[in-house]
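Residue strings, one per chain:
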Amino acid sequence: MGKWLAAAGFNGLCGVGFGAWAAHGALAVIGAEATEWVKTGAQYQLWHAAALLALIGLPPAWVKIRAWAGSCFCAGALLFSGSLYGMALVDWRGLAFVTPIGGLLMLLGWLILLGFGLKTWRNA
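In this text, all values refer to a predicted model and were calculated from it rather than measured experimentally. (Residues numbered from 1 in each chain as written. Predicted model: local features only at pLDDT ≥ 70, side-chain atom pairs only at ≥ 80, totals over all residues. Heavy atoms only, no water.)

Colleague: Just to check I follow, could you spell out the side chain of Asn 11 for this structure?
Modeller: Locating Asn 11 in the fold gives a position in helix 1 (residues 2-23). Within the structure, the side chain of Asn 11 is placed 2.9 Å from the backbone oxygen of Ala 7, a separation counted as a polar contact. The residues touching Asn 11, leaving out its near neighbours within four places in the chain, are Gln 45, Ala 49, Leu 52 and Ala 77. (Helix = DSSP H or I, 4+ residues; strand = E, 2+ residues; numbered from the N terminus. Polar contact = N/O pair within 3.5 Å; in protein donor to acceptor, adjacent residues only side chain to side chain. Contact = heavy atoms within 4.5 Å.)

Colleague: Can you help me understand helix 3 (residues 32-56) in this one?
Modeller: Two residues of an α-helix separated by three or four positions point the same way, owing to the 3.6 residues in each turn. Helix length check: helix 3 (25 residues) gives 37 Å between terminal C-alpha atoms against 36 Å at 1.5 Å per residue, within 8%. If you check which residues of helix 3 are buried, you get Ala 34, Thr 35, Trp 37, Val 38, Gly 41, Ala 42, Gln 45, His 48, Ala 49, Ala 51, Leu 52 and Leu 55. On its buried side, helix 3 packs onto helix 1, helix 2 (26-30), helix 4 (63-90) and helix 5 (98-123). (Expected span 1.5 Å × (residues − 1). Buried < 20%, exposed > 50% of the residue type's maximum accessible area, 1.4 Å probe, protein only.)

Colleague: How should I be thinking about the packing of helix 1 against helix 3 in this particular structure?
Modeller: When two helices pack together, their arrangement is given by the angle between their axes and by how far apart the axes lie. Look at helix 1 against helix 3: their axes get within 8 Å of each other, and the N-to-C directions meet at 155 degrees. Here helix 1 lies roughly antiparallel to helix 3, going by the angle between them. Note that helix 1 runs across helix 3; the crossing there is left-handed. (Axes fitted to C-alpha atoms, helices over the stretch in contact; angles between N-to-C directions. Parallel < 35°, antiparallel > 145°, perpendicular 65-115°, else oblique. Left-handed = near helix turned anticlockwise from the far one by under 90°.)

Structure representation (structure tokens):
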């Protein structure tokens, strides 16, 4: 559980930090388009920090679901948000191909939860 708490903390820290910067000064440094990338990255990173916290509450028997979904959320947030932050900060558009990979990983994490939830619901 500690690794998921640490992952949630890291994502929350980055999301709040980048979100605050986007709201209070990024525009003057990186311009409007890049500031929007930072805002988007921060928003998605914060949502997935909350999702990681929620995974901690799953029953111990669901450790594999927690591991798969949590890994997808972590990797997805890192790739999605990280590539947006990178594009905004260093103006390297080559990172743009990474963003959808991160998005797909985040979607996969949610799909894992959906599938397992439906399976559990049917068997109840």
